[in-house]
Amino acid sequence: MTQESRGGSSVWANHPLLTDDARRSTAQSDLIRAYRGQMPSRRPVWFMRQAGRSLPEYRRLREGTTMLDACVNPELASEITLQPVRRHDVDAAIFFSDIVIPLRLAGIGVEIQPGVGPVLEKPVRTAQDVAALPDLDQLGPEIFAPIAEAVQRTVAELGPRPLIGFAGAPFTVAAYMVEGKPSRDHLGPRAMMHREPETWEALMRWAAHASGLFLAAQVRAGASAVQLFDSWAGSLSRTDYQHSVMPYSALALAELDSLRAELDLPVVHFGTGTAEILDLMREAGASVIGVDYRIGLDEAYRRLQARRGEQAQPLRALQGNIDPAFLDAGWPALEAHTRAVLAAGECAPGHVVNLGHGVPPSTDPEVLTELVSFIHSISVGVRSAEDSQGVVLPHE
């Protein structure tokens, strides 16, 4: 995107968060307003894994193409990203990608095997393996060219509706790299962090740099928010997360510092099974915390406020946390559960409705469409005029 100097700072004049063109501006969208702790006109909602296996149009488009090949094909990735927006009227698109895409772009052998998940050609388990990883700075930003093109295509189609960038958090990326495939207990990476702490640090620094560069490439191409997704952080003790993982999530998000300052960029941090470390995830640098379905939003907010670190970003919003199981539980149960989630979300300065994890592949798309319409029909809670302007609340 073109750049200009504004007050001595380099900004992207036509970035969706900055442009004055109402046909493209996302700054006043319901999603961005809620992410910033401001009052939206309707309750914003989107779903993790909304672009994917639950949609028949996605399955048709993917025929004859592997998952990772689709992710790095700009035309395919853009079309898949847009499909759920057209079908469900969600308030944001989430960029269609995968946690291991930065590895693929860097030249590391990885594929997604049906029924298994990401499988590396050669796991990374020794100091020598880490030292042999590609130098991302030497490869340069060109490796993200297909991602930037896909984002630009998508943003052009979305108009004032925001695109959310996506990346795996360093621990989840490193866990795949060490195990070489998905794992339930992640014994390999957990053992490495204690047995070979220097090797672990080097690997996590590499993974943090990869995730940070991947997010930054999406923002520069037009993403209006980003989400750092830590699938496996819930397998860690609080101590291990604090000392051996959190600093590297912070390092990944630090790659966005200049962009955050120029764009007032919302940053979401989400993990599964993370109720005991939500405050630490916040301290890593997020302004929005995604909450899974295992804990209520009101209790999550209470814990986040009680354990707020001095260096933590002001918490502007919560995201979540409808239990995906209710999508197949019948409408009366789903409606009652959703109403409870919306009520609990009123505790936070802002609330973006989402699932407490991703859309299951077996989900009936019509249920999601009906759920979005129902959420949009529920009026937004009344707040003070000061709060609606995004002013940090007194308890912050």
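Small disclaimer: the values here were computed from a predicted structure and weren't measured.

(A) Quick peek at the packing of helix H4 (residues 74-88) against helix H8 (residues 145-158). The interhelical angle for the contact between H4 and H8, taken along N-to-C directions, is 35°, at an axis separation of 8 Å. Crossing of H4 over H8 shows right-handed handedness. Side by side, H4 and H8 meet where Pro74, Glu75, Ala77, Ser78, Thr81, Leu82 and Val85 of the first sit next to Pro146, Glu149, Ala150, Arg153, Thr154, Glu157 and Leu158 of the second. Split into classes, the residues belonging to the contact of H4 with H8 amount to 7 nonpolar, 3 polar and 4 charged.

(B) Structural view of the environment of His269. Here His269 is to be found in strand S8 (residues 267-271). Overall, the relative accessible area of 0% leaves His269 in the buried class. A sequence separation of 43 residues divides His269 from Val226, and the C-alpha atoms of the two residues are 8.6 Å apart. Aside from chain neighbours lying at most four places away, what touches His269 is Leu228, Asp230, Tyr241, Ser249, Met281, Ala284, Ala286, Val288, Ile289 and Gly290. At 3.3 Å, the side chain of His269 and the backbone oxygen of Met281 are in polar contact.

(C) View of the packing of helix H10 (residues 187-195) against helix H11 (residues 197-221). Between H10 and H11, the shortest axis-to-axis distance is 5 Å and the interhelical angle comes to 120°. Classified by the angle their axes make, H10 and H11 are oblique. Note on element contacts: H11 touches H10 through Pro197, Thr199, Trp200 and Leu203, opposite Pro189, Met192, Met193, His194 and Arg195. Among the residues forming the contact of H10 with H11, the class breakdown is 6 nonpolar, 2 polar and 1 charged.

(D) Here's a closer look at the UniProt feature "site: Transition state stabilizer" (unreviewed entry) in the protein chain. Following the UniProt record, one finds the feature "site: Transition state stabilizer" (unreviewed entry) at Asp98. Relative to the helices and strands, Asp98 is located in the loop between strand S3 (93-94) and helix H5 (101-105). Given the relative accessible area of 14%, Asp98 is considered buried. In this view, Asp98 contacts Met67, Leu68, Cys71, Ile112, Pro118 and Phe166; residues no more than four positions away in its chain are not counted. One polar contact links the side chain of Asp98 to the main-chain amide nitrogen of Val100, over a distance of 3.0 Å.

(E) Here's a closer look at the side chain of Glu57. Summarising the element assignment, Glu57 is placed in helix H2 (residues 56-62). In terms of polar contacts, Glu57 uses its side chain to reach the side chain of Arg87, at 2.9 Å. With residues near it in sequence (within four places) discarded, Glu57 still touches Gln83 and Arg87.

(F) Broad picture of the pairing of strand S11 (residues 351-355). Of all 5 residues making up S11, 5 are buried, and the element is well covered by its neighbours. Burial along S11 is two-sided: the residues His351, Val353 and Leu355 and Val352 and Asn354 are all buried. Relative to S11, strand S10 (residues 317-322) runs parallel, the two sharing 5 bridges. Note on S11: the bridge partner recorded for Leu318 is His351. Assessed by its sense of winding, the connection that carries the chain from S10 through helix H17 (residues 331-345) to S11 is right-handed.

Conventions adopted
Counting restarts for each chain: residues are numbered from 1 in the order of the written sequence. Per-residue local features of the predicted model are confined to residues with pLDDT of at least 70, and side-chain atom pairs are confined, for both listing and counting, to 80 or more; whole-chain, interface and lining totals are unaffected and use all residues. Based on all heavy atoms of the structure, the side-chain values leave hydrogens and waters out of the count. As a rule, the C-alpha atoms of each element are fitted with a line to give its axis, helices using only the stretch in contact, and angles between N-to-C directions run from 0 to 180 degrees. Runs of E in the DSSP output that reach at least two residues are strands. Runs of H or I that reach at least four are helices, and both are numbered from the N terminus. It is the rotation of the near helix from the far one that decides the hand of a crossing: anticlockwise by less than a right angle makes it left-handed, clockwise makes it right-handed. For this analysis, residues touch if any pair of their heavy atoms sits within 4.5 Å. Gly is put with the polar residues, along with every residue not named as nonpolar or charged; the nonpolar set is Ala, Val, Leu, Ile, Met, Phe, Trp, Tyr, Cys and Pro, and the charged set is Asp, Glu, Lys and Arg. The rule is simple: take the accessible area with a 1.4 Å probe, protein chains only, and divide by the maximum for that residue type; under 20% is buried, over 50% is exposed, in between is partly exposed. Contacts described as polar in this section are N or O atom pairs within 3.5 Å, which, within protein, must combine one atom able to donate a hydrogen with one able to accept it, while residues neighboring in sequence count only if both atoms come from side chains. Angular relationships are summarised with four words: roughly parallel below 35 degrees, roughly antiparallel beyond 145, roughly perpendicular across 65 to 115, and oblique for the angles in between. UniProt positions are given in the numbering used here, feature names are shortened, and annotations may be inferred rather than shown by experiment. We treat two strands as partners when DSSP finds at least two bridges between them. Seen with the strands pointing away from the viewer, any crossover whose path from the first strand over the helix to the second strand runs clockwise is right-handed.

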